[in-house]
Amino acid sequence: QQLERFGDAQEFLLKKLEEPNAQAVLYVELGYNYTLQQLPEKALENYNRAISKIDENPNYGYIIGLRFQKYALLDYAIKAYTRGMELNPQMDLNFQLARIYGEQGDIEKMYQSYLTLLIDGGTSQAVVLKNIGDFISSDPNNPNNLTFKKVLLRNAQENPDLLWNQMLSWLFVQQNQFKSAFDQERAIYKRSESGSLQRLEGLGALALEAKDFESATKIFQFIGDNAHDGRTKLRAQLNLIDLALKDPNEKLLG
């Protein structure tokens, strides 16, 4: 193909496809060879043959989708990955789908693919947030931020879970909306069986660092009121004293 010997490439691929147990991905290669010859109808015919092969073995969905992706045939890659998962629910290709949707600028579908991956246990929350973080800004009115919030709220309505509170809290922190993040973390604490205040302590530290003294004060007051061990309560009180010294309008705790 690099030497533009498309006829030789075509002959080689057709012979390979005649062999027993021929690799289904060769239909993608043959289709791409026709694309290079500007024969779109023959190209599409073979691309569709590749997709149909996934019905014979759902595991082909990954390798065929990957080959379509290699040639920037993203719509076909989506078809391959999606068909593979439809036929084999145990196969999770949402990470590949999310990357494609991101390339295509379909941000909402990208977000949902990452979240589905997270729900199904295909990856960690840290990995998902790292990838999503590239599309989030500190502006609450940024379209990508608003879309992410919409997707999270939709998932929360369909399947109530602390995960959505955690993700909303993360989003609010990125937007420096510590009061809203506190509302989410307080809900997480009240519904959590662990009784841990660690997440709230981390949020309080972030609010303090961002000089949102009002939110930081409320967070550390909540921690102090709910802490069951002396060390956590003491840390909260020390932070409140620090806040009171920063803001002369605040009263020191007795």
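Located above this text is the structure these notes cover.
Anyway, here's the lowdown on the structure attached to this text.

Thresholds, definitions, all that
Residues numbered from 1 in each chain as written. Predicted model: local features only at pLDDT ≥ 70, side-chain atom pairs only at ≥ 80, totals over all residues. Heavy atoms only, no water. Helix = DSSP H or I, 4+ residues; strand = E, 2+ residues; numbered from the N terminus. Rg over C-alpha atoms; globule rule 2.2 N^0.38 Å. Buried < 20%, exposed > 50% of the residue type's maximum accessible area, 1.4 Å probe, protein only. Areas by Shrake-Rupley, 256 points an atom, 1.4 Å probe, with all protein chains shown as cover. Axes fitted to C-alpha atoms, helices over the stretch in contact; angles between N-to-C directions. Parallel < 35°, antiparallel > 145°, perpendicular 65-115°, else oblique. Left-handed = near helix turned anticlockwise from the far one by under 90°. Contact = heavy atoms within 4.5 Å. Salt bridge = Lys/Arg side-chain N within 4 Å of Asp/Glu carboxyl O. Expected span 1.5 Å × (residues − 1). Phe/Tyr/Trp six-rings, centres within 6.5 Å; stacked < 30°, edge-to-face > 60°. Lys NZ or Arg CZ within 6 Å of the ring centre and 35° of its normal. Patch = residues over 30% accessible without salt bridge, like charges linked within 9 Å, V, L, I, M, F, W, Y side chains within 5 Å. Core = buried A, V, L, I, M, F, W, Y, C linked by side-chain atoms within 4.5 Å.

**Some points on the overall build of the chain**
Phase 1 of the analysis: Counting secondary structure elements, the chain contains 14 helices and zero strands.
Phase 2 of the analysis: Counting from the amino terminus, the chain carries its helices and strands in the arrangement α-α-α-α-α-α-α-α-α-α-α-α-α-α.
Phase 3 of the analysis: The globule rule puts the C-alpha radius of gyration for 254 residues at 18 Å, and the 26 Å found for the chain is more than 25% above it.
Phase 4 of the analysis: The 254 residues of the chain split such that 39% are buried.
Phase 5 of the analysis: When the accessible surface of the chain is summed, it comes to about 14500 Å², and 48% of that surface belongs to carbon and sulfur atoms.

**Concerning the environment of Lys-190**
Phase 1 of the analysis: Within the secondary structure layout, Lys-190 lies in helix α11 (residues 178–191).
Phase 2 of the analysis: Classification of Lys-190 by relative accessible area gives exposed; the value is 60%.
Phase 3 of the analysis: The spacing of Lys-190 and Val-127 is 63 residues in sequence and 26 Å in space, taken between C-alpha atoms.

**A look at the packing of helix α6 (residues 94–104) against helix α7 (residues 107–119)**
To describe two helices that pack against each other, one gives the angle between their axes and the distance between the axes.
Phase 1 of the analysis: Running from N to C, α6 and α7 point in directions that differ by 165°, and their axes come no closer than 8 Å. Relative to α7, α6 is oriented roughly antiparallel. The handedness of the crossing between α6 and α7 is left-handed. Of the residues in α7, those in contact with Asn-94, Phe-95, Leu-97, Ala-98, Arg-99, Tyr-101 and Gly-102 of α6 are Lys-109, Met-110, Ser-113, Tyr-114, Thr-116 and Leu-117.

**Some points on the pattern of salt bridges**
Phase 1 of the analysis: The full count for this structure, using the stated rule, is 13 salt bridges.
Phase 2 of the analysis: Close ionic contact of Glu-19 with Lys-16 constitutes a salt bridge, the shortest N to O distance being 3.8 Å.
Phase 3 of the analysis: Judged by its relative accessible area of 32%, Lys-16 falls in the partly exposed class.
Phase 4 of the analysis: For Arg-49, the salt bridge identified is with Glu-45, shortest N-O distance 2.7 Å.

**Notes on unusual backbone geometry**
Trans is the prevailing form of peptide bonds, just as negative phi is the prevailing case for residues other than glycine.
Phase 1 of the analysis: One non-glycine residue with positive phi stands out, namely Gln-38, at about 60°.
Phase 2 of the analysis: By the element assignment, Gln-38 lies in the loop between α2 (26–36) and α3 (40–53).
Phase 3 of the analysis: Under the relative-accessibility criterion, Gln-38 is labelled exposed at 70%.
Phase 4 of the analysis: The phi angle at Ala-72 is positive, at roughly 60°, despite the residue not being glycine.
Phase 5 of the analysis: Secondary-structure assignment places Ala-72 in the loop between α4 (60–70) and α5 (74–87).

**What about α11?**
Phase 1 of the analysis: Its 14 residues place the ends of α11 20 Å apart at the C-alpha level, agreeing with the 20 Å of an ideal helix rising 1.5 Å per residue.
Phase 2 of the analysis: Summarising the contacts, the buried residues of α11 are in contact with α10 (162–174), α12 (198–209) and α13 (213–226).

**Remarks on the side chain of Gln-184**
Phase 1 of the analysis: Along the chain, Gln-184 turns up in helix α11.
Phase 2 of the analysis: Since its relative accessible area comes to 16%, Gln-184 is described here as buried.
Phase 3 of the analysis: Beyond its immediate stretch of four places on either side in the chain, Gln-184 contacts Asn-165, Leu-168, Ser-169 and Phe-172.

**Digging into the packing of aromatic side chains**
Phase 1 of the analysis: Taken as a whole and assessed by the stated rule, the structure comprises nine aromatic pairs.
Phase 2 of the analysis: Ring geometry for Tyr-189 against Phe-222: centres 5.7 Å apart, planes inclined by 85°, an arrangement best described as edge-to-face. Here Tyr-189 is found in helix α11, whereas its partner Phe-222 is found in helix α13, with 33 residues between them in sequence.
Phase 3 of the analysis: Look at Tyr-189 and you get buried, because its relative accessible area is 13%.
Phase 4 of the analysis: Three or more aromatic residues link up through ring pairs in this structure, and these residues are Tyr-47, Phe-68 and Tyr-76.
Phase 5 of the analysis: Positioned above the aromatic ring of Tyr-76 is the side chain of Lys-79, whose terminal nitrogen or guanidinium carbon lies 4.7 Å from the ring centre.

**Remarks on a nonpolar patch on the surface**
Phase 1 of the analysis: Taken together, the side chains of Leu-234, Leu-238, Ile-241 and Leu-245 make up a nonpolar region of the molecular surface, amounting to roughly 400 Å² of accessible area.
Phase 2 of the analysis: Looking at the element boundaries, Leu-238 is found in helix α14 (residues 230–246).

**A word on the nonpolar core**
Phase 1 of the analysis: Counting residues in hydrophobic clusters, the biggest one holds 68 residues, and the most contacted among them are Ile-64, Phe-68, Tyr-111, Ile-132, Phe-148, Met-167 and Leu-200.
Phase 2 of the analysis: Sort the elements by how many residues they give to this core and α10 lands first, with eight residues.
Phase 3 of the analysis: Apart from the residues within four sequence positions on either side, Phe-148 is in contact with Tyr-111, Leu-115, Ile-132, Ile-136, Met-167, Trp-170 and Leu-171.

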